[in-house]
Amino acid sequence: MKLTKLAATLVLVGLGTSGAWAETLRLAHGLNDKHPVHLAMVRFAELAKQKSNGELEIKIFPNGTLGQERETLEQVQNGILEMTKASASPLETFAPEYKVFNLPFVFRNKDHFFKVLDGQVGETILNASKNRGFIGLTFYDSGARSFYAKKPINTPDDLKGMKIRVQQSPTTIKMIQALGASPTPMAWGEVYPALQAGVVDGAENNVTALTTGRHGEVSKFFSQTEHQMVPDVLVISTAKWDSLKKPLQDALRSAAHESFVYQRGLWAEAEKTEAVAAEKMGVKFSTPAKQPFVDKVKPMLDEERKNARIAGLLDQIAATR
């Protein structure tokens, strides 16, 4: 009987170094092949092959060749694709635990952020979506999110009346509303023309958006509010995960975490490089006082704490030293 094209893509291929058939897992994402997260995935693939004695082969498809983030995530959920990368921000619609990354001013600094991700809270969040079709293997650093626009945003009052692009995150939408602006959910690929045409007045993201997304061509003021630290998440289909032998699951988890440690250094260097490049584009950087922003969103945080699950995670995060 002839295999269909779809079935053929799911066939196990190749021989491992141990002589057993190797299993090929496809990992698709929308980033370019120079991005620190992509380079970390390449390292992940190398480590997974080593740690599984050649039984795992990971093929990476960057640049959105198999679809953009939402499409690849749906493919993973449905077991059509084995793995993808997703921002933690929209993942709160699949598992409420991810909401903590969208709440403002939760992490004291980057060191605190990494300790939380490496600890029990991080493990709890990665496993929270198992019944929704996928689980997380590791996080990847995606920097701190700040505001940028055609004018400086140094106090919450500066945001009044502004239309700010946000990701598809209900919590981020609430945060922008609490700060007095109008949130405009929009896919990443639509942001540059929207900024250019004035459909939105500004956006919020990490510094690399100014250069890799060319947003610094039209938004010349980057205000380092660092209101959120939202990681990327490497996820695998629950169906595929459950089909793997435990030694292969262990190999994937170990390889994933090591690739995260490797990626932190890549991201730190990329931020420095892109900040210099943004300044050469004419972008002006400022560091506003954070407390007025913190005070403005406090009622929102108090409301979120009424959810016992979220309150418990926030308490664990605050207690992490």
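Up top is the structure these notes are about.
Overview of the structure. (Residues numbered from 1 in each chain as written. Predicted model: local features only at pLDDT ≥ 70, side-chain atom pairs only at ≥ 80, totals over all residues. Heavy atoms only, no water.)

### Considering the overall build of the protein
1) Next: Looking only at helices and strands, one finds 11 helices and 11 strands in the protein.
2) Next: Over its C-alpha trace the protein gives a radius of gyration of 20 Å, about what one expects of a compact globule, namely 20 Å for 321 residues.
3) Next: When each of the 321 residues of the protein is scored for burial, the buried share is 50%.
4) Next: Relative to all contacts within the protein whose residues are 6 or more apart in sequence, the contacts with residues 24 or more apart total 74%.
5) Next: Surface accessibility of the protein: about 14400 Å² in total, with carbon and sulfur atoms responsible for 54%.
6) Next: Charge-centre separation for the protein: the mean point of 40 positive side chains lies 1 Å from the mean point of 35 negative side chains. (Helix = DSSP H or I, 4+ residues; strand = E, 2+ residues; numbered from the N terminus. Rg over C-alpha atoms; globule rule 2.2 N^0.38 Å. Buried < 20%, exposed > 50% of the residue type's maximum accessible area, 1.4 Å probe, protein only. Contact = heavy atoms within 4.5 Å. Areas by Shrake-Rupley, 256 points an atom, 1.4 Å probe, with all protein chains shown as cover. Lys, Arg positive; Asp, Glu negative; His and termini not counted. Charge placed at Lys NZ, Arg CZ, Asp CG, Glu CD.)

### Examining the pairing of strand E2 (residues 56-61)
Regular strands place side chains that alternate from one sheet face to the opposite one.
1) Next: Across 6 bridges, the pairing between strand E1 (residues 23-28) and E2 is parallel. Within E2, the residue paired with Ala 28 across the bridge is Phe 61.
2) Next: Between the parallel elements E1 and E2, the chain passes through helix H2 (residues 36-51) in a crossover that is right-handed. (Pairing = 2+ DSSP bridges. Right-handed = clockwise from strand over helix to strand, strands pointing away.)

### Some remarks on the packing of helix H6 (residues 170-178) against helix H10 (residues 291-304)
1) Next: Interhelical geometry of H6 versus H10 gives an angle of 145° and a closest axis separation of 8 Å. Considering only the axes of H6 and H10, their crossing is right-handed. Contacts between H6 and H10 involve Thr 171, Lys 174, Met 175 and Ala 178 on the former and, on the latter, Lys 296, Val 297, Met 300 and Glu 304.
2) Next: Looking at side-chain class alone, the contact of H6 with H10 contains 4 nonpolar, 1 polar and 3 charged residues. (Axes fitted to C-alpha atoms, helices over the stretch in contact; angles between N-to-C directions. Left-handed = near helix turned anticlockwise from the far one by under 90°. Nonpolar A, V, L, I, M, F, W, Y, C, P; charged D, E, K, R; others polar.)

### Brief notes about the sheet that holds strand E8 (residues 202-205)
1) Next: Ordered by their spatial adjacency, 6 strands build an open sheet running E7-E6-E8-E5-E9-E11, and the pairing between neighbours is mixed. The open sheet terminates on both sides in strands that have one partner only, identified here as strand E7 (182-185) and strand E11 (284-286). On average, each strand axis in the sheet is inclined to that of its neighbour by 35°, with strand direction left out of account.
2) Next: Here strand E6 (residues 163-166) runs beside E8; their pairing, made up of 2 bridges, is parallel. Directly across from Ile 164, in E8, lies its bridge partner Gly 202.
3) Next: Relative to the sheet, H6 contacts strand E5 (144-149), E6, E7, E8 and strand E9 (221-229), its axis offset from that of E7 by approximately 155°.

### Things to note about the pairing of E9
1) Next: Summarising the sheet, E5 and E9 pair through 5 bridges and their orientation is antiparallel. Note that in E9 the partner of Ala 144 across the bridge is Met 229.
2) Next: Two strands pair when backbone bridges link them, and E9 and E11 are joined in this way by 3 bridges, in the parallel orientation. When the bridges of E11 are listed, Ser 223 appears paired with Ser 286.

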